[in-house]
Each structure stands twice: as C-alpha cells, then as structure tokens.
Amino acid sequence: MPRKLDVSCDGDYAYSIYIERSFDKLPEAIRTLPVSGRRVLIVTDTNVAPLYLDEVKEHCKTCFEYVDSLVLTPGEEHKNTDSISEIYERLILDGFDRNDYLLALGGGVTGDMTGFAAATYMRGIAFIQVPTTLLAQVDSSIGGKTGVDFRAYKNMVGAFHMPKLVYSCIGTLASLDEAQYASGMGEVIKHSMIKVINGVDYYHYLLTHKKELEARDPDVLEETVYYSNLIKRDVVERDPKEHGERKILNFGHTLGHAIEKCSHFSYTHGQCVAFGCLGALHLSHITTEEENNEIRSLMESVGLDTKLKEMNVPEILAATRKDKKMDHGHVSFILLHDIGQAYIDTHVTDQDMASALQYLMQTGKILNNEA
C-alpha cells in the first residue's frame, strides 16, 4: 500500500514524503503546496530524462503555470559549481522569482545540486524532490542536506535547505542498473545497523527478505524505503542541523568517503558506505565471525563487494583528515554497541582505521571487477 510520512523541523511541520508505485499521484501531492500561478524548473540528467522527464513534465503542467526543464550531464564528477551555474542561468533567463520552484528528478547528485541551487538562488526558493534511485529515495532526498563537491572533496560546500515535498516512485527502481541498485542497498543496510524503529528490527527484516531484495520485489522495496525513511526522519527531526544524534547517519561514511575519494570515484557511494560499515563493525567488536559472514552474505546478495581492492592506506587516512565531519582535529567515528545501537566515538585512531582497512582488503568477496 502507498505510504506517507510527515517530517517536522524544530517542532513544526516541514514537508511530507510520499511513497508510491507510479507517478500518477504526483499532481495530487504537488497541489498540497501553494503552486497556483507559480513556475517550476525540472532539473534532471541525460540518464533519467529519456525515462521519466516527459511524464513528470506533463503532470507538472496540470499544477504549475509554467514548466521548463534543464538536463545536466550525470555523474559525481559533475557535482560542482559549474553545474550550479547552469541552473542559476536558466532560472535567471526564465525570470524565476522567490515564489517559484525547482524540482529535482533523478538520483542523489541531481537532488543535492538542485537543493543547493534552491537554497542559494535569491537567498532561497522552494524545491521538490522526486528521487528515482534507491540511494536517493532512502537517504539523500530526506533531511535537507544539499551541496556540491569541491576539488574532489565530497559535499564540502553546501547548505541545509528542506524540500517542500518528497515523492518517491518505487516503479523507477526497476530501471536501475545493478551497480546503482547495489549502491542504494549500501545505505539501506547502514540504516538497519544504526537503529531499531517502532519496535521493528529492520536489520533482521532485510536478512529474512534477502531473496526478495535481490529480485527487487515491489512489496519488499516499498517496505524497505518506508523503514529507511522512518529511521532517517526520526533522527533528523531531533537533530536537523547535525549537532549531535544526526551524526549516527554517518555510520560507514568516514572510511567510506575517504575510499570513494582515493579510488577516484571508481566505486559508487553506497558501495563505499558498505565498506565503511564493515570497517566500523570490525572496530566495534560486537559480532561473531558467523554474524560477520551473515552480514557479508546480505551485502553480496544485493550486488555489493565485501572485499576492498588493494589501496594506499596512508592516502586514505590522510583523506579522513579532510572530512567535513572533523571536530577539533578528531574524527567523529560512528561505532555500534550492538546492531541497531549506534554511538559517536572520537577516540578512533589512525592505527584503528588502518587495521580496519587491512581487514577490508583481506576479507570478503570482490563481485565487481571493474572497480
């Protein structure tokens, strides 16, 4: 069944998340916003545009006075200020003002850039998230984090800017290639390891539905997106600006971002998060070897590597020092008291991280040789 979640910020209603099987209910969701007589610029990329742009544009035409679209070049390497400049230029040429809207149609890169453009154009205009990848639906579209990379340093320039609406269409997940689907599952598994929500053991739900996840069963995917959204909403509502608890959402990210940068983005973001989760789990010392094998088996079943290729450990450690999550010279590293119980640790040393990296390069399976 379709799902809807309301998200609050500082105690007040901020926006709603709709989880649907198609785009048919998109106009109904958009009309809950003050859009009459307003303009919208749909920002997407050359991968997504041929699949969904025409349909989404037609739905938007029933809601907005004027609809335009901008198709950008896809990829993390284009998540930069040059792409943001393209968005600004189109908004200016189309005469957009502070009452108009941006709509992000695509994955996390498109959503982050569109959100950042919305946060900064005329000091802030409204935007809508229509995520089409699993990674974006379970993670980047929720919580108001926006930004771009700066000289290969991931998300180093950004702003907190909440969307007015998130509309996740589960049907788009069938079109994802294996690498992008696996990338989303990296964040899904991360969510399941940091928190138990509403009494549901999300981690064991994933374990018991491993085959359905591998087959991309729509019913199980709908539940998966819903529970990941519940967890992220719960954390973000209590800590919208990442002063405390929200940092647990960075489980797997300290090593993951460094691996991502030092591999020159040859690994997907979610794959790097999966590596980071395994490394953090190794440092948490809470699981048996049998449980570790169970976790690796879950990751491998959805297409994730569990063994890191040989990489330069000192280079990765140096990259962690340039992470935006540094706090007074200390890395805020997320560890686990138990599966579903994450905590922030500022005492993880370079030696600890080196040990985790060596573990990752010696244990597990490499499924995707192209990385």
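Residues numbered from 1 in each chain as written. Predicted model: local features only at pLDDT ≥ 70, side-chain atom pairs only at ≥ 80, totals over all residues. Heavy atoms only, no water.

**Regarding the packing of helix H10 (residues 253-262) against helix H13 (residues 313-320)**
Piece 1. Close contact between H10 and H13 brings their axes to 8 Å; oriented N to C, the two are set at 120°. Accordingly, the angle class assigned to the pair H10 and H13 is oblique. Handedness of the crossing formed by H10 with H13: right-handed. Residues Thr254, Leu255, Ala258, Ile259, Lys261 and Cys262 of H10 touch H13, and the partners they reach there are Glu315, Ile316, Ala319 and Thr320. (Axes fitted to C-alpha atoms, helices over the stretch in contact; angles between N-to-C directions. Helix = DSSP H or I, 4+ residues; strand = E, 2+ residues; numbered from the N terminus. Parallel < 35°, antiparallel > 145°, perpendicular 65-115°, else oblique. Left-handed = near helix turned anticlockwise from the far one by under 90°. Contact = heavy atoms within 4.5 Å.)

**Details of the pattern of salt bridges**
Piece 1. Within this structure, the stated rule accounts for 16 salt bridges.
Piece 2. Close ionic contact of Lys195 with Glu245 constitutes a salt bridge, the shortest N to O distance being 3.5 Å. Remark: Glu245 occurs in the loop between helix H9 (218-238) and H10 and Lys195 occurs in the loop between helix H6 (178-194) and helix H7 (202-208); sequence separation between them is 50 residues.
Piece 3. One network of salt bridges, in which partners are shared, links Asp139, Glu187, Lys190 and Lys232. (Salt bridge = Lys/Arg side-chain N within 4 Å of Asp/Glu carboxyl O.)

**Description of the pairing of strand S4 (residues 66-72)**
Piece 1. Most of S4 is tucked away, with 5 of its 7 residues classed as buried.
Piece 2. Pairing of strand S3 (residues 39-45) with S4, which is carried by 7 bridges, proceeds in the parallel orientation. Within S4, the position partnered with Leu41 by the bridge is Asp68.
Piece 3. Remark: the S3/helix H2 (residues 49-61)/S4 crossover connection has right-handed handedness. (Buried < 20%, exposed > 50% of the residue type's maximum accessible area, 1.4 Å probe, protein only. Pairing = 2+ DSSP bridges. Right-handed = clockwise from strand over helix to strand, strands pointing away.)

**Here we look at the sheet that holds strand S5 (residues 101-106)**
Piece 1. Reading across from one edge, S1-S2-S9-S6-S5-S3-S4 is the order of the 7 strands in this open sheet, with mixed pairing throughout. Single-partner strands in this sheet number two, and they are strand S1 (3-9) and S4. With strand direction ignored, the average angle separating the axes of adjacent strands in the sheet is 20°.
Piece 2. Pairing analysis gives 6 bridges linking S5 to strand S6 (residues 126-131), with the strands arranged parallel. Residue Ala104 lies in a different strand from S6, and its bridge partner there is Gln129.
Piece 3. H2 contacts S3, S4 and S5 of the sheet and is inclined by roughly 170° relative to S3.

**Overview of the nonpolar core**
Most often, soluble globular proteins keep nonpolar side chains buried together rather than apart.
Piece 1. Within the largest apolar cluster, 80 residues are counted, with the highest numbers of intra-cluster contacts made by Leu134, Ile189, Met193, Ile259, Leu308, Phe333 and Leu357.
Piece 2. The residues touching Leu357, leaving out its near neighbours within four places in the chain, are Leu255, Ile259, Leu308, Val313, Ile316 and Leu317.
Piece 3. Membership of the second largest hydrophobic core comes to 27 residues, among which are Val35, Cys63, Leu105 and Ala126. (Core = buried A, V, L, I, M, F, W, Y, C linked by side-chain atoms within 4.5 Å.)

**Focus: the packing of aromatic side chains**
Piece 1. Summed over the entire model, instances satisfying the criterion amount to 9 aromatic pairs.
Piece 2. With a centroid separation of 5.6 Å and 65° between ring planes, the pair formed by Phe64 and Tyr101 is classed as edge-to-face. Taken together, the positions of Phe64 in the loop between H2 and S4 and Tyr101 in strand S5 put the pair 37 residues apart, joining distant regions of the chain.
Piece 3. The buried category is assigned to Phe64, whose relative accessible area is 5%.
Piece 4. A cation over a ring is seen here: Arg3 above Tyr226, with NZ or CZ 3.9 Å from the ring centre.
Piece 5. Sitting over the face of the ring of Tyr66, Arg39 holds its NZ or CZ atom 4.6 Å from the ring centroid. (Phe/Tyr/Trp six-rings, centres within 6.5 Å; stacked < 30°, edge-to-face > 60°. Lys NZ or Arg CZ within 6 Å of the ring centre and 35° of its normal.)

**Considerations on the state of the cysteines**
Piece 1. Within this structure, the stated rule accounts for 0 disulfides.
Piece 2. There is no disulfide at Cys169, and the cysteine sulfur nearest it, in Cys60, is 13 Å away.
Piece 3. The closest cysteine sulfur to the non-disulfide-bonded Cys262 is located on Cys272, 9.9 Å from its own sulfur.
Piece 4. Residue classification places Cys262 among the buried residues on the basis of a relative accessible area of 8%. (Disulfide = S-S within 2.5 Å.)

**Overview of helix H4 (residues 108-120)**
Piece 1. Given a rise of 1.5 Å per residue, 13 residues ought to cover 18 Å, and the 18 Å separating the end C-alpha atoms of H4 matches this to within 8%.
Piece 2. Every buried residue of H4 is listed here: Gly108, Thr110, Gly111, Asp112, Met113, Thr114, Gly115, Phe116, Ala117, Ala118 and Ala119. (Expected span 1.5 Å × (residues − 1).)

Geometry only, nothing functional implied.
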